[in-house]
Amino acid sequence: EKKTMTVEALSHIEGNNVCADCRTKDPKWVSINIGAFICIQCAGVHRSLGTHISQMRSTVMDVFSEAEEKQIAALGNKKVNEIYEKYLDPAQRMNESTDTGTRENFIKAKYVDKIFATEGKDRSSWNKVKRAATTTSTAMAEYIGFLKIHLIKGDNLIAADVLTSDPFVVFKLGKQELKSKTIPNTLTPVWNEHLRLCLSGFHESLKITVFDEDLVGQDFMGDCEVPLSILAKNPEEVMDVKLPLRNVQSGIIYLRLSFEKIIH
């Protein structure tokens, strides 16, 4: 069986070698679920949409599974834009000098509202959004690097069900949010999961909430918070953190935190 090209190699193929959204050359980011290669400015907007819309990864810093590589190889910028920009007026297409507010609203119209993908769709709303463009985009250029989170385990968690729980963890940093995998039927879960969030400065705090996964919703199992100023003194140090959970009778979460400087 022929081996799939690496994601970094795929980024140099014609069509993938410019941003799928604004045509900036040599994009260093890829949306693994959409299958498009994206520049650093547009990647910040994609992250603000949430991972249910676009899951951003670095083509040079991240490791991809074989399944992810195959999915990206099967799509790419040309096929993605044949879908998402099928009915786009070329005069409305972005370029590398497009302002931040317009960039944000264009990408939302393209991937969230799918205004340019559907025949007969009312595209006047995009024009209105464009006129009302703001500068609230959390562009990647505003970040100083990544907060790397190694979610190790939990201990002595409360039983949200009759005798046990199915715990998962939600991490929030500013407008960003990540959810861990769920570990079924345990009060001492071992996640051993690696996650990353973009970091704009060490003045922020990482908010952590533990939930019990249920068929009809989720039950609160405690929360805690980590001031990231603890990383400021020596950003290259890997820090082990033991966090007692608040607002519940018991529970501890064990993390390993570190900082990785962003490569533009």
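In what follows, the structure referred to is the one given above.
Structure report, in brief. (Residues numbered from 1 in each chain as written. Predicted model: local features only at pLDDT ≥ 70, side-chain atom pairs only at ≥ 80, totals over all residues. Heavy atoms only, no water.)

### Some thoughts on the pattern of salt bridges
A complete count under the given rule lists 16 salt bridges for this structure. In this structure, the salt-bridge partner of Lys110 is Asp21, at a minimum N-O distance of 2.8 Å. Here Lys110 is found in helix α5 (residues 100–111), whereas its partner Asp21 is found in the loop between α1 (7–10) and β1 (29–31), with 89 residues between them in sequence. Looking at Lys110, the relative accessible area reads 0%, which means it is buried. In this structure Asp21 comes out as buried when scored by relative accessible area, which is 0%. One salt bridge connects Arg57 with Glu68, and the closest N-O pair in it is separated by 3.4 Å. Of the two residues, Arg57 sits in strand β3 (residues 56–58) while Glu68 sits in helix α3 (residues 66–74), which places them 11 residues apart along the sequence. Given a relative accessible area of 25%, Arg57 falls into the partly exposed group. Linked by salt bridges that have partners in common, Asp21, Arg23, Glu85, Arg93 and Lys110 make up one network. (Salt bridge = Lys/Arg side-chain N within 4 Å of Asp/Glu carboxyl O. Helix = DSSP H or I, 4+ residues; strand = E, 2+ residues; numbered from the N terminus. Buried < 20%, exposed > 50% of the residue type's maximum accessible area, 1.4 Å probe, protein only.)

### Digging into the sheet that holds strand β8 (residues 205–214)
Strand order in the open sheet made by the four strands is β6-β5-β8-β9, with antiparallel pairing throughout. Each end of this open sheet is capped by a strand with a single partner; those strands are β6 (176–179) and β9 (217–227). Averaged over all neighbouring strand pairs, the angle between strand axes comes to 20°, with direction disregarded. Looking at chain direction, strand β5 (residues 167–173) and β8 are connected through six bridges and run antiparallel. Counterpart to Val170 in the pairing with β8 is Thr209. (Pairing = 2+ DSSP bridges. Axes fitted to C-alpha atoms, helices over the stretch in contact; angles between N-to-C directions.)

### What about the nonpolar core?
Ranked by size, the top nonpolar core spans 32 residues in total, and within it Ile149, Phe171, Leu206, Ile208, Leu255 and Leu257 carry the most contacts. Within the residue set of this core, elements represented by two or more residues are β4 (145–155), β5, β7 (190–199), β8, β9, β10 (239–244) and β11 (252–261). In this structure, Leu206 is in contact with Leu147, Ile149, Phe171, Lys172, Leu173, Leu197, Cys224, Glu225, Val226, Leu228 and Leu257, ignoring residues within four places of it in sequence. In terms of nonpolar packing, the next biggest core, distinct from the first, is built from 27 residues, Ile40, Tyr84, Ala109 and Phe116 among them. (Core = buried A, V, L, I, M, F, W, Y, C linked by side-chain atoms within 4.5 Å. Contact = heavy atoms within 4.5 Å.)

### Some details on the sheet that holds β1
Within the open sheet, the three strands sit side by side as β2-β1-β3. Their pairing is antiparallel. Since the sheet does not close on itself, it has two edges, and those belong to β2 (36–38) and β3, each with one partner. Strand-to-strand twist of the sheet, defined as the mean angle between neighbouring strand axes without regard to direction, takes the value 35°. Pairing analysis gives three bridges linking β1 to β3, with the strands arranged antiparallel. Within β3, the position partnered with Ser31 by the bridge is Met56. Where helix α2 (residues 40–49) meets the sheet, its contacts fall on β1, β2 and β3, and the angle it forms with β2 comes to roughly 115°.

### Description of the environment of Arg93
Tracing the backbone through its elements, the reader meets Arg93 in the loop between α4 (76–84) and α5. Taking relative accessible area as the criterion, Arg93 reaches 32% and is therefore assigned partly exposed. Separated by 71 residues in sequence, Arg93 and Cys22 have C-alpha atoms that sit 7.2 Å apart. Once residues lying within four places of it in the same chain are set aside, the contact partners of Arg93 are Arg23, Glu85 and Leu88. Within the structure, Arg93 has its side chain in polar contact with the side chain of Glu85 (distance 3.4 Å). (Polar contact = N/O pair within 3.5 Å; in protein donor to acceptor, adjacent residues only side chain to side chain.)

### Focus: unusual backbone geometry
Excluding glycine, residues mostly carry a negative phi; peptide bonds, for their part, are mostly trans. Positive phi, normally seen in glycine, also occurs at Asn156, with a value near 55°. With respect to the element layout, Asn156 can be found in the loop between β4 and β5. The backbone of Asn247 shows a phi angle near 65°, a positive value even though the residue is not glycine. For Asn247, a relative accessible area of 61% translates into the label exposed.

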